[in-house]
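Here are the chains, one letter per residue:
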Amino acid sequence: MPRFDRDRDGFLREIDRRHRWAWRVARLRNGLGTLSRPVQAEAYDRTFRSDLEAVTYHYAVRNSHMPDFETPRWVNEKVRWQFMNHPNPLMTLAADKAAVREYLRYKGAEIPAPELYGTFETGAQLAEARLPRRYVLKSTFGCGQNHFIDEVEPVRRRALAAQLGRLGEWDHWRILGEMHYRGIPKRWLAEEDVGPVNSIKEYKFYCLHGQPIFVLYISERGPGRFRHALFDLNWGPVDFHWNGHPESAERPPRRPADFERMVTEAKRLSEDFMHVRVDFLQQGSKTYFSELTFSGGGARNPFIPYFHNEVLGEMLDLNHADAYLERGRHIARALSGSVQQPLDCGHAQRA
């Protein structure tokens, strides 16, 4: 591995070269019928010679420097440091969109998740399930795999069920090297559709050591886009944003209803982790828990102005990693009887 302070461009060129050839060979072998595993897994394992290479690469692509995992200073360096050095099974359990509901019960959460209609390991189970006409189908093992279903015709469900097998061959953790997703069982859940997407407001609290630091507000979503703004906990503007993603949402002049309740809940649900984003939805007068996110945007994109990366990094104290790891293992063991979730967080042993 090259040092963090030099040879970034050469490192990226080498990984990109391997990546191109790995995908070509994997697709060719798949077409010839000589590949016994999914194309993505084959290409990934031939591209990256270690997990460290993968975690480093995805950071370096979005930053002007290699990450320093020996003495990390920027906040995203420290978040990605956890992928390699903090095998916390509670992160994997809480990132699982089905298993996290047991964590909510364990914590005595007061803001509910949407109603759960069922979980499915196969498309056949989904096809046979009794479900309401409208629901949301989500994967438990990644993000961006949400399907808003309105079953006007039964053929819609059969076609969707047929897709699950193909989607199940895709590993979300391989996309950006987010290792805490690796140990999540591949399942799908059907939950309550809380209303039209274009009228839902989202509030995402970035928390360090159990304290919300700032809030990402999303006013509307569309295919491949969303409008957003960043607020402090007094509902005032912050003086930073993500590189390449300036604010685009109209700022509500007043803090939302239930804001203090969301702050209290964010503290409750983040206190067992060094770093997590606690996400909520609002539809009209109702507030719902959405998910816990341990690497927003893949923990790659830096903040502008750049000094905020180090300011936020100073708030994330890795000296407490061992204590959080012990706490996470204790809670995961306590929950192991109520969720079908392995206690191993899925960190690889590949050299």
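1. What about the packing of helix H1 (residues 8–32) against helix H3 (residues 51–62)?
Here is step 1 of the chain: One can describe the packing of H1 onto H3 by two numbers: an axis separation of 10 Å at closest approach and a directional angle of 115°. In terms of their interaxial angle, H1 and H3 are classed as roughly perpendicular. Along this stretch, H1 crosses H3, giving a crossing that reads as left-handed. From H1, Arg8, Phe11, Leu12, Ile15, Asp16 and Arg18 reach across to H3, where they touch Glu53, Thr56, Tyr57, Ala60 and Val61.
Here is step 2 of the chain: Classifying every residue of the contact of H1 with H3 by side-chain character gives six nonpolar, one polar and four charged.

2. As for the nonpolar core
Here is step 1 of the chain: Tyr103, Leu137, Phe205, Phe214, Phe273, Val278 and Leu292 are the most contacted members of the largest nonpolar core, which totals 82 residues.
Here is step 2 of the chain: Beyond its immediate sequence surroundings of up to four residues, Tyr103 is in contact with Leu90, Leu93, Leu269, Asp272, Phe273, Leu292, Ile331 and Leu335.
Here is step 3 of the chain: Listed in part, the six residues of the second largest apolar core include Ala22, Trp23, Ala26 and Val39.

3. Quick word on the pattern of salt bridges
Pairing between side chains of opposite charge can happen when the charged atoms of each approach one another.
Here is step 1 of the chain: All told, the structure shown has 30 salt bridges when counted by the stated rule.
Here is step 2 of the chain: The residue Arg37 makes a salt bridge to Asp45 at a minimum N-O spacing of 2.7 Å.
Here is step 3 of the chain: Judged by relative accessible area, which is 31%, Arg37 ranks as partly exposed.
Here is step 4 of the chain: Note that Arg268 and Glu265 form a salt bridge whose closest N and O atoms lie 2.8 Å from each other. Linking Arg268 with Glu265, this pair stays in helix H10 (residues 259–270), spanning three residues, or about one helical turn.
Here is step 5 of the chain: A cluster of three or more residues bridged by salt bridges with shared partners is formed by Arg29, Arg37, Glu42, Asp45, Arg46, Asp171, Arg174 and Lys186.

4. As for the confidence of the model for the protein
Here is step 1 of the chain: On average, the protein scores 90 in pLDDT, and the residues at 70 or more come to 92%.
Here is step 2 of the chain: Overall, residues 340–351 carries pLDDT values under 50, and its contacts beyond four positions in sequence, including any with other chains, amount to 43 contacts.

5. Looking at H10
Here is step 1 of the chain: Compared with an ideal rise of 1.5 Å per residue, which puts twelve residues at 16 Å, H10 spans 16 Å between its outermost C-alpha atoms and is within 8% of the ideal.
Here is step 2 of the chain: Listed in full, the buried residues belonging to H10 are Phe259, Met262, Val263, Glu265, Ala266, Leu269 and Ser270. Looking down the long axis of H10, one finds its buried residues gathered within 170° of arc, a one-sided arrangement.

6. Some points on the environment of Tyr217
Here is step 1 of the chain: Among the structural elements, Tyr217 can be located in strand S6 (residues 211–222).
Here is step 2 of the chain: With relative accessibility at 5%, the residue Tyr217 sits in the buried group.
Here is step 3 of the chain: Between the alpha carbons of Tyr217 and Val61 there is a distance of 26 Å; along the sequence they are 156 residues apart.

7. Concerning the side chain of Arg300
Here is step 1 of the chain: Topologically, Arg300 is positioned in the loop between strand S10 (286–293) and strand S11 (303–304).
Here is step 2 of the chain: Of the side chains with opposite charge, Glu178 comes closest to the buried, unpaired Arg300, at an N-O distance of 7.4 Å.
Here is step 3 of the chain: Separated by 3.5 Å, the side chain of Arg300 and the backbone oxygen of Gly297 make a polar contact.
Here is step 4 of the chain: Among residues more than four places away in sequence, those in contact with Arg300 are His58, Arg62, Asn63, Asn76, Arg80 and Leu176.

Rules and cut-offs
- Along each chain, numbering runs from 1 in the same order as the chain's sequence is written.
- Per-residue local features of the predicted model are confined to residues with pLDDT of at least 70, and side-chain atom pairs are confined, for both listing and counting, to 80 or more; whole-chain, interface and lining totals are unaffected and use all residues.
- Hydrogen atoms and water are omitted, and side-chain values are computed over all heavy atoms in the structure.
- Structural elements are reduced to axes, namely lines fitted to C-alpha atoms, with helices fitted over the stretch in contact, and the angle between N-to-C directions of any two is expressed from 0 to 180 degrees.
- Put simply, DSSP marks the helices as runs of H or I at least four residues long and the strands as runs of E at least two long, and each gets a number from the N terminus on.
- Angular relationships are summarised with four words: roughly parallel below 35 degrees, roughly antiparallel beyond 145, roughly perpendicular across 65 to 115, and oblique for the angles in between.
- Crossing handedness is defined as follows: a turn of the near helix away from the far one that is anticlockwise and smaller than a right angle gives a left-handed crossing, while the clockwise case is right-handed.
- The contact rule is simple, with two residues in contact once any of their heavy atoms fall within 4.5 Å.
- Amino acids outside the nonpolar list (Ala, Val, Leu, Ile, Met, Phe, Trp, Tyr, Cys, Pro) and the charged list (Asp, Glu, Lys, Arg) are all regarded as polar, and Gly is one of them.
- Only buried residues count toward a nonpolar core, which is a set of Ala, Val, Leu, Ile, Met, Phe, Trp, Tyr and Cys residues joined through side-chain atoms within 4.5 Å.
- Categorising residues by exposure relies on relative accessible area from a 1.4 Å probe, with only protein chains included: less than 20% of the type maximum marks a residue as buried, more than 50% marks it as exposed, and the intermediate range marks it as partly exposed.
- Think of a salt bridge as a Lys or Arg side-chain nitrogen and an Asp or Glu carboxyl oxygen that are within 4 Å of each other.
- As a per-residue measure, pLDDT tells how confident the predictor is, with possible values from 0 to 100.
- Expected helix span is given by 1.5 Å per residue-to-residue step, counting one fewer step than there are residues.
- Directions from the helix axis toward the C-beta atoms define the arc.
- Counted as positive: Lys and Arg. Counted as negative: Asp and Glu. His and the chain ends are not counted at all.
- The definition of a polar contact used here is a pair of N or O atoms within 3.5 Å, where within protein one atom must be able to donate a hydrogen and the other to accept one, and adjacent residues in sequence count solely through side-chain atom pairs.

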